Amino acid sequence: MEAATIQAAQAGHKPSQAQLLRLLQDPWYRVCLSLLSNPDDAREATQETALRFLRDLPRFAGHSQLKTWSIGIAINVCREIRRQRHPADLDSNPDMQTSEPSPADMAGLAEERRRLHALLADLPPRQREAVVLRYFEDLSVEQTAAAMQCAPGTIKATVHQALRALKRRLQRVEI
Amino acid sequence: MTRLRSQIEQAKAGYLAAHYPGDLAAELLPATRSRRRWVIVSAVGALAAALAIAFALVRLLAPAADTITVTQEPPADPQVVQIAWSAQMPAMPAFPEDVSLLPEPDSFTDMPAMPSFPGWSDIEQESPTTQESIS
């Protein structure tokens, strides 16, 4: 992403804004889909992310990468949607398990998505966010911390807990 | 951990296979452009309508204004002009010709005398003092 394109988009240049949206729509959608496990919800969350991205773009100061900053917006949108759809599924309860997708949702998922969901389904929301950003989006610990708006040490601990939970689950399946 | 890594890699392949089903730029940006275009079209339409109404009003009121100017113009006949102006302007009140502003000379002799202040001698002769009247 060129700095000139970002600056032009910040100034309201529509072609530059369209260029940024086309670059970022797939990462946003992937993050939203992996966090919400529902294609319709993910599409809605991606559109809301794009609207907030365009609204807040003039205030982007460049302290982090634009992609990292915009994924932070997507994560906030997904958290809000989760709270609206599942009020009990709060981030303050890390042991809360996410609900399994309905048979209709599973029918709409491709084999890869099913594998993805099978991996992430048992993780609490925070651990799922950390795993998606660290291992799927290949963000650094600092970038993940910036996107999730927490300290890098918190990210390390969260990722460690997530990997341990996944390993336990894997051992249960093998047994 | 190797088994876990392989699971993560497989899940990552599924993760990267997902794409947004559409074009966000086409979905969001033209809406703003078309909204602005509607605002401009509405503004131009309102301006055109205002101009048309103003033009129609001018056309409607123009004959009445011509009539007024024609009636106010003095006719070609001088006699008619004189009558028209005399009808419009009020006549000056006529001043009586047989009244003179100067008083007549005989009127000065009929003026009453000025009252005189009594002198000291007149007072001594005619009015006694209080002491004398008592005694």
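Residues numbered from 1 in each chain as written. Chains lettered and ligands numbered in written order. Predicted model: local features only at pLDDT ≥ 70, side-chain atom pairs only at ≥ 80, totals over all residues.

### Digging into the overall build of chain A
Check the secondary structure of chain A and you find 9 helices and 0 strands. Of all 175 residues assigned to chain A, the portion counted as buried reaches 35%. A separation threshold of at least 6 residues defines the contact pool for chain A, and within that pool the share at least 24 residues apart is 61%. (Helix = DSSP H or I, 4+ residues; strand = E, 2+ residues; numbered from the N terminus. Buried ≥ 20, exposed ≤ 12 C-beta atoms within 10 Å, placed from the backbone. Contact = placed C-beta atoms within 7 Å.)

### Let's talk about the overall build of chain B
Looking only at helices and strands, chain B features 5 helices and 0 strands. Tracing chain B from N to C terminus, the helices and strands come up as α-α-α-α-α. Residues classed as buried in chain B amount to 4% of the 135 residues present.

### Topic: the interface of chain B and chain A
Across the boundary between the two partners, chain B contributes 20 residues, which contact 27 residues of chain A. Residue assignment for the side of chain B that touches chain A shows that the elements contributing at least two residues are α1 (2-17) and α2 (24-72) of chain B. The element contributing the most residues to the side of chain B that touches chain A is α1(B), with 11 residues. Across the side of chain B that touches chain A, the residue classes tally to 13 nonpolar, 4 polar and 3 charged. (Nonpolar A, V, L, I, M, F, W, Y, C, P; charged D, E, K, R; others polar.)

### Concerning the confidence of the model for chain B
All names here are of chain B. With 60% of its residues at a pLDDT of at least 70, chain B reaches an overall mean of 73. Looking across chain B, the model is least confident in helix α3 (residues 78-88), with a mean pLDDT of 54, and most confident in α1, with 84. For this predicted complex, the interface confidence comes out at an ipTM of 0.75, alongside a pTM of 0.59. (pLDDT = per-residue confidence, 0-100.)

### Brief notes about the packing of helix α4 (residues 66-85) of chain A against helix α8 (residues 141-148) of chain A
Residue and element names in this part refer to chain A. Taken N-terminus to C-terminus, the directions of α4 and α8 make an angle of 45 degrees; their axes are 7 Å apart at the nearest point. Compared by their axis directions, α4 and α8 come out oblique. As α4 runs across α8, the sense of the crossing is right-handed. In this structure, α4 uses Thr68, Ile71, Gly72 and Ile75 to contact α8, whose residues at the interface are Gln143, Ala146, Ala147 and Met148. Residues of the contact of α4 with α8, tallied by class, amount to 5 nonpolar, 3 polar and no charged. (Axes fitted to C-alpha atoms, helices over the stretch in contact; angles between N-to-C directions. Parallel < 35°, antiparallel > 145°, perpendicular 65-115°, else oblique. Left-handed = near helix turned anticlockwise from the far one by under 90°.)

### Focus on the confidence of the model for chain A
Across chain A, the average pLDDT comes to 83, with 80% of residues at 70 or higher. Across residues 90-100 of chain A, where pLDDT falls below 50, the model places 15 contacts with residues more than four positions away in sequence or in other chains.

### A few points about unusual backbone geometry
Residue and element names in this part refer to chain A. The phi torsion at serine 37 lies on the positive side, around 60 degrees, for a residue other than glycine. Note that serine 37 resides in the loop between α2 (14-36) and α3 (39-56). Take serine 37: there are 22 C-beta atoms within 10 Å of it, and that puts it in the buried class. The phi dihedral of aspartate 138 is positive, around 55 degrees, even though this residue is not glycine.

### Notes on the nonpolar core
Ranked by internal contacts, the top residues of the largest apolar core, which has 43 residues, are A:Val31, A:Cys32, A:Ala74 and A:Cys78. Elements represented by at least two residues in this core include exactly α2, α3, α4, α6 (111-120), α7 (125-136), α8 and α9 (152-174) of chain A together with α1 of chain B. It is α2(A) that provides the largest number of residues to this core, a total of 10 residues. Sequence-distant contacts of A:Ala74, that is, excluding residues within four places in its chain, are made with A:Trp28, A:Val31, A:Cys32, A:Ala45 and A:Thr49. (Core = buried A, V, L, I, M, F, W, Y, C linked by C-beta atoms within 7 Å.)

### Here's the deal with the packing of α2(A) against α3(A)
All names here are of chain A. Packing of α2 against α3 brings their axes to within 8 Å, and their N-to-C directions diverge by 140 degrees. Looking at the two axes, α2 sits oblique to α3. Crossing hand, α2 versus α3: right-handed. Across the interface between the two elements, Gln17, Leu21, Gln25, Trp28, Tyr29, Cys32, Leu33 and Leu36 from α2 touch Pro39, Asp41, Ala42, Ala45, Thr46, Thr49, Ala50 and Leu54 from α3.

### Things to note about the environment of A:Ala145
Residues and elements named next belong to chain A. On the secondary structure map, alanine 145 appears in helix α8. The spatial distance from the C-alpha of alanine 145 to the C-alpha of leucine 133 is 9.5 Å, given a sequence separation of 12 residues. Once residues lying within four places of it in the same chain are set aside, the contact partners of alanine 145 are Cys150, Ala151, Pro152, Thr154 and Ile155.

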